[in-house]
Amino acid sequence: MNSKEDFKIFKKETFGLFKATYPIVDTLGDNPEIQTIIGYISMNFIALENNISKAIIAMLQLDRERGLIVTSELSFRNLVNLFSSLYHNLKNNYSFNLYSGFEDDHFSELIKIINKCETDRNRALHSSFVQVHDKRHTVYRKKISSKQRIGLNIINEKTTFSELMNTADTIIYTSEMIREFSIDIMTEKKDNNTTNSIS
(Lines give C-alpha, C1' and ligand atoms only; values in the text may rest on other atoms or scores of the structure.)
Protein backbone atom coordinates (compact mmCIF):
# COMPACT_ATOMS: atom_id res chain seq x y z
CA MET A 1 0.00 0.00 0.00
CA ASN A 2 1.26 3.47 -0.88
CA SER A 3 2.12 5.83 1.98
CA LYS A 4 1.70 9.59 2.30
CA GLU A 5 5.42 9.99 1.70
CA ASP A 6 5.16 7.88 -1.46
CA PHE A 7 2.42 10.14 -2.77
CA LYS A 8 4.33 13.32 -1.89
CA ILE A 9 7.30 12.06 -3.91
CA PHE A 10 4.99 11.15 -6.80
CA LYS A 11 3.32 14.57 -6.60
CA LYS A 12 6.65 16.42 -6.70
CA GLU A 13 7.93 14.36 -9.62
CA THR A 14 4.68 14.57 -11.58
CA PHE A 15 3.40 18.05 -10.87
CA GLY A 16 6.57 19.94 -10.00
CA LEU A 17 7.58 22.98 -12.02
CA PHE A 18 8.18 21.73 -15.53
CA LYS A 19 11.18 23.15 -17.34
CA ALA A 20 12.47 22.30 -20.78
CA THR A 21 15.99 20.88 -20.62
CA TYR A 22 16.81 21.17 -24.33
CA PRO A 23 18.04 24.20 -26.31
CA ILE A 24 15.33 26.26 -27.98
CA VAL A 25 17.08 25.84 -31.34
CA ASP A 26 16.39 22.08 -31.16
CA THR A 27 12.67 22.82 -31.47
CA LEU A 28 12.39 26.23 -33.12
CA GLY A 29 15.60 26.46 -35.15
CA ASP A 30 18.40 29.05 -35.10
CA ASN A 31 16.12 32.05 -35.67
CA PRO A 32 12.90 31.39 -33.75
CA GLU A 33 9.92 33.69 -34.21
CA ILE A 34 7.40 34.55 -31.51
CA GLN A 35 4.52 33.50 -33.78
CA THR A 36 5.89 29.95 -33.82
CA ILE A 37 5.91 29.49 -30.07
CA ILE A 38 2.45 31.07 -29.70
CA GLY A 39 1.29 28.56 -32.31
CA TYR A 40 2.73 25.71 -30.23
CA ILE A 41 0.87 26.96 -27.15
CA SER A 42 -2.40 27.27 -29.08
CA MET A 43 -2.21 23.85 -30.76
CA ASN A 44 -1.13 22.08 -27.57
CA PHE A 45 -4.06 23.65 -25.72
CA ILE A 46 -6.44 22.31 -28.38
CA ALA A 47 -4.99 18.83 -27.77
CA LEU A 48 -5.58 19.25 -24.03
CA GLU A 49 -9.16 20.37 -24.62
CA ASN A 50 -9.80 17.42 -26.95
CA ASN A 51 -8.45 14.89 -24.43
CA ILE A 52 -10.66 16.31 -21.68
CA SER A 53 -13.66 16.05 -24.03
CA LYS A 54 -12.78 12.41 -24.83
CA ALA A 55 -12.55 11.62 -21.11
CA ILE A 56 -15.95 13.21 -20.47
CA ILE A 57 -17.55 11.25 -23.31
CA ALA A 58 -16.11 8.02 -21.92
CA MET A 59 -17.30 8.86 -18.40
CA LEU A 60 -20.79 9.55 -19.73
CA GLN A 61 -20.60 6.29 -21.71
CA LEU A 62 -21.84 7.96 -24.87
CA ASP A 63 -20.96 7.31 -28.47
CA ARG A 64 -18.73 9.92 -30.13
CA GLU A 65 -21.51 11.87 -31.89
CA ARG A 66 -23.75 12.25 -28.84
CA GLY A 67 -20.71 12.98 -26.70
CA LEU A 68 -19.63 15.79 -28.99
CA ILE A 69 -23.16 17.22 -28.82
CA VAL A 70 -22.62 17.53 -25.05
CA THR A 71 -19.06 18.90 -25.10
CA SER A 72 -18.55 20.87 -28.32
CA GLU A 73 -20.20 24.12 -27.24
CA LEU A 74 -18.83 24.19 -23.69
CA SER A 75 -16.26 26.79 -22.69
CA PHE A 76 -12.98 25.37 -21.42
CA ARG A 77 -13.90 26.30 -17.84
CA ASN A 78 -17.26 24.53 -18.10
CA LEU A 79 -15.56 21.54 -19.71
CA VAL A 80 -13.22 21.26 -16.71
CA ASN A 81 -16.12 21.73 -14.28
CA LEU A 82 -18.03 18.89 -15.97
CA PHE A 83 -14.94 16.66 -15.99
CA SER A 84 -14.40 17.23 -12.28
CA SER A 85 -18.08 16.80 -11.36
CA LEU A 86 -18.29 13.51 -13.24
CA TYR A 87 -15.21 12.16 -11.48
CA HIS A 88 -16.65 12.94 -8.04
CA ASN A 89 -20.02 11.47 -9.03
CA LEU A 90 -18.50 8.23 -10.35
CA LYS A 91 -15.45 7.62 -8.15
CA ASN A 92 -17.21 5.43 -5.56
CA ASN A 93 -18.35 2.92 -8.16
CA TYR A 94 -15.69 3.14 -10.88
CA SER A 95 -11.89 3.01 -10.92
CA PHE A 96 -9.75 5.60 -12.68
CA ASN A 97 -6.06 5.51 -13.56
CA LEU A 98 -4.92 7.53 -10.53
CA TYR A 99 -2.37 7.02 -7.74
CA SER A 100 -3.66 4.07 -5.72
CA GLY A 101 -4.91 5.03 -2.26
CA PHE A 102 -4.69 8.77 -3.00
CA GLU A 103 -6.99 9.06 -5.98
CA ASP A 104 -8.75 12.24 -4.79
CA ASP A 105 -5.45 14.01 -4.07
CA HIS A 106 -4.06 12.98 -7.44
CA PHE A 107 -7.19 14.21 -9.23
CA SER A 108 -7.07 17.50 -7.31
CA GLU A 109 -3.50 18.10 -8.52
CA LEU A 110 -4.58 17.24 -12.06
CA ILE A 111 -7.34 19.86 -11.96
CA LYS A 112 -4.89 22.44 -10.58
CA ILE A 113 -2.44 21.96 -13.44
CA ILE A 114 -5.28 22.02 -15.99
CA ASN A 115 -6.41 25.39 -14.61
CA LYS A 116 -2.81 26.65 -14.69
CA CYS A 117 -2.58 25.65 -18.34
CA GLU A 118 -5.65 27.74 -19.13
CA THR A 119 -4.26 30.75 -17.23
CA ASP A 120 -0.87 30.54 -18.96
CA ARG A 121 -2.44 29.98 -22.38
CA ASN A 122 -4.71 33.02 -21.96
CA ARG A 123 -1.77 35.15 -20.83
CA ALA A 124 0.16 34.19 -23.96
CA LEU A 125 -2.64 34.46 -26.50
CA HIS A 126 -4.17 37.67 -25.16
CA SER A 127 -0.91 39.62 -25.03
CA SER A 128 1.23 41.38 -27.58
CA PHE A 129 4.97 40.65 -27.83
CA VAL A 130 8.11 42.41 -28.97
CA GLN A 131 10.97 40.11 -29.84
CA VAL A 132 14.62 41.02 -29.25
CA HIS A 133 17.08 39.08 -31.40
CA ASP A 134 19.70 38.44 -28.74
CA LYS A 135 21.37 35.25 -27.49
CA ARG A 136 18.73 34.67 -24.80
CA HIS A 137 15.86 35.23 -27.26
CA THR A 138 14.40 37.89 -24.97
CA VAL A 139 10.75 38.78 -25.45
CA TYR A 140 8.73 41.64 -23.95
CA ARG A 141 5.08 40.93 -23.18
CA LYS A 142 2.46 43.67 -23.03
CA LYS A 143 -1.12 43.28 -21.84
CA ILE A 144 -3.64 46.13 -21.57
CA SER A 145 -6.90 45.64 -19.70
CA SER A 146 -9.58 47.76 -18.07
CA LYS A 147 -11.30 46.26 -15.06
CA GLN A 148 -14.28 47.47 -13.07
CA ARG A 149 -12.41 47.30 -9.77
CA ILE A 150 -9.01 48.75 -10.74
CA GLY A 151 -9.59 50.60 -14.01
CA LEU A 152 -6.87 50.68 -16.67
CA ASN A 153 -4.08 48.19 -16.12
CA ILE A 154 -0.99 47.96 -18.34
CA ILE A 155 1.44 45.09 -17.85
CA ASN A 156 4.93 45.18 -19.32
CA GLU A 157 7.23 42.30 -18.49
CA LYS A 158 10.32 40.61 -19.85
CA THR A 159 10.21 36.92 -20.65
CA THR A 160 12.13 34.49 -22.87
CA PHE A 161 11.43 31.88 -25.49
CA SER A 162 12.42 29.24 -22.92
CA GLU A 163 9.69 30.37 -20.53
CA LEU A 164 7.10 30.40 -23.30
CA MET A 165 8.28 26.98 -24.47
CA ASN A 166 7.82 25.72 -20.91
CA THR A 167 4.20 26.84 -21.15
CA ALA A 168 3.72 24.91 -24.39
CA ASP A 169 5.42 21.82 -22.94
CA THR A 170 3.43 21.91 -19.70
CA ILE A 171 0.18 22.03 -21.68
CA ILE A 172 1.04 19.01 -23.84
CA TYR A 173 2.39 17.16 -20.78
CA THR A 174 -0.94 17.78 -19.03
CA SER A 175 -2.79 16.61 -22.12
CA GLU A 176 -0.88 13.31 -21.89
CA MET A 177 -1.82 13.02 -18.20
CA ILE A 178 -5.50 13.27 -19.19
CA ARG A 179 -4.94 10.55 -21.78
CA GLU A 180 -3.34 8.34 -19.11
CA PHE A 181 -6.23 9.08 -16.74
CA SER A 182 -8.54 7.64 -19.41
CA ILE A 183 -6.77 4.28 -19.64
CA ASP A 184 -9.28 1.51 -18.71
CA ILE A 185 -11.73 4.26 -17.81
CA MET A 186 -15.07 3.30 -16.24
CA THR A 187 -13.90 -0.03 -14.82
CA GLU A 188 -16.33 -1.01 -12.10
CA LYS A 189 -14.87 -1.31 -8.60
CA LYS A 190 -14.97 -4.66 -6.87
CA ASP A 191 -15.71 -2.92 -3.59
CA ASN A 192 -16.55 0.58 -2.41
CA ASN A 193 -13.62 1.18 -0.06
CA THR A 194 -12.93 4.88 0.39
CA THR A 195 -9.58 6.36 -0.59
CA ASN A 196 -7.02 8.04 1.62
CA SER A 197 -6.32 11.74 1.65
CA ILE A 198 -3.33 13.82 2.68
CA SER A 199 -5.45 16.90 3.28
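Structural data are supplied above this passage.
Residues numbered from 1 in each chain as written. Predicted model: local features only at pLDDT ≥ 70, side-chain atom pairs only at ≥ 80, totals over all residues. Heavy atoms only, no water.

Observations regarding the overall build of the chain
Then step 1. Looking only at helices and strands, the chain has seven helices and five strands in total.
Then step 2. Traced from its N-terminal end to its C-terminal end, the chain shows the element sequence α-α-α-α-α-β-α-β-β-β-α-β.
Then step 3. Across the 199 residues of the chain, 39% fall into the buried class.
Then step 4. A separation threshold of at least 6 residues defines the contact pool for the chain, and within that pool the share at least 24 residues apart is 71%.
Then step 5. Surface summary for the chain: the accessible area is close to 12,200 Å², and the carbon and sulfur share equals 48%. (Helix = DSSP H or I, 4+ residues; strand = E, 2+ residues; numbered from the N terminus. Buried < 20%, exposed > 50% of the residue type's maximum accessible area, 1.4 Å probe, protein only. Contact = heavy atoms within 4.5 Å. Areas by Shrake-Rupley, 256 points an atom, 1.4 Å probe, with all protein chains shown as cover.)

Description of helix H5 (residues 76-90)
Then step 1. The end-to-end C-alpha separation of H5 is 21 Å, in line with the 21 Å expected for 15 residues at 1.5 Å each.
Then step 2. All of the buried residues along H5 are Phe76, Leu79, Val80, Phe83, Ser84, Leu86, Tyr87 and Leu90. Each buried residue of H5 lies within a common arc of 160 degrees when the element is viewed along its axis, so the set occupies one face.
Then step 3. Turning to H5, the residues buried within the fold contact helix H3 (34-60), helix H4 (64-71), strand E1 (94-95), helix H6 (103-125) and helix H7 (161-181). (Expected span 1.5 Å × (residues − 1). Arc of directions from axis to C-beta.)

Section: the pairing of strand E3 (residues 138-147)
Remember that side chains alternate between the two faces of the sheet whenever the strand is regular.
Then step 1. Taken together, the four bridges between strand E2 (residues 128-131) and E3 define a ladder with antiparallel strand orientation. Bridge pairing in E3 links valine 130 to tyrosine 140.
Then step 2. Sheet analysis places E3 next to strand E4 (residues 151-160), joined by 10 bridges and oriented antiparallel. Note on E4: the bridge partner recorded for arginine 141 is glutamate 157.
Then step 3. What sits between the antiparallel neighbours E3 and E4 is a turn of three residues. (Pairing = 2+ DSSP bridges.)

Details of the side chain of serine 53
Then step 1. Tracing the backbone through its elements, the reader meets serine 53 in helix H3.
Then step 2. Residue classification places serine 53 among the buried residues on the basis of a relative accessible area of 11%.
Then step 3. Residue contacts for serine 53: discarding those within four places in its chain leaves Thr71 and Leu79.

Quick look at the packing of aromatic side chains
Then step 1. This model, assessed by the stated rule, comprises 12 aromatic pairs.
Then step 2. Ring plane angle 50 degrees and centroid distance 6.4 Å describe the contact between tyrosine 99 and phenylalanine 102, whose orientation is recorded as tilted. Comparing tyrosine 99 with phenylalanine 102 shows no difference in burial state: the two are buried.
Then step 3. Three or more aromatic residues joined by ring pairs form one cluster here, namely Phe83, Tyr87, Phe96, Phe107 and Phe181. (Phe/Tyr/Trp six-rings, centres within 6.5 Å; stacked < 30°, edge-to-face > 60°.)

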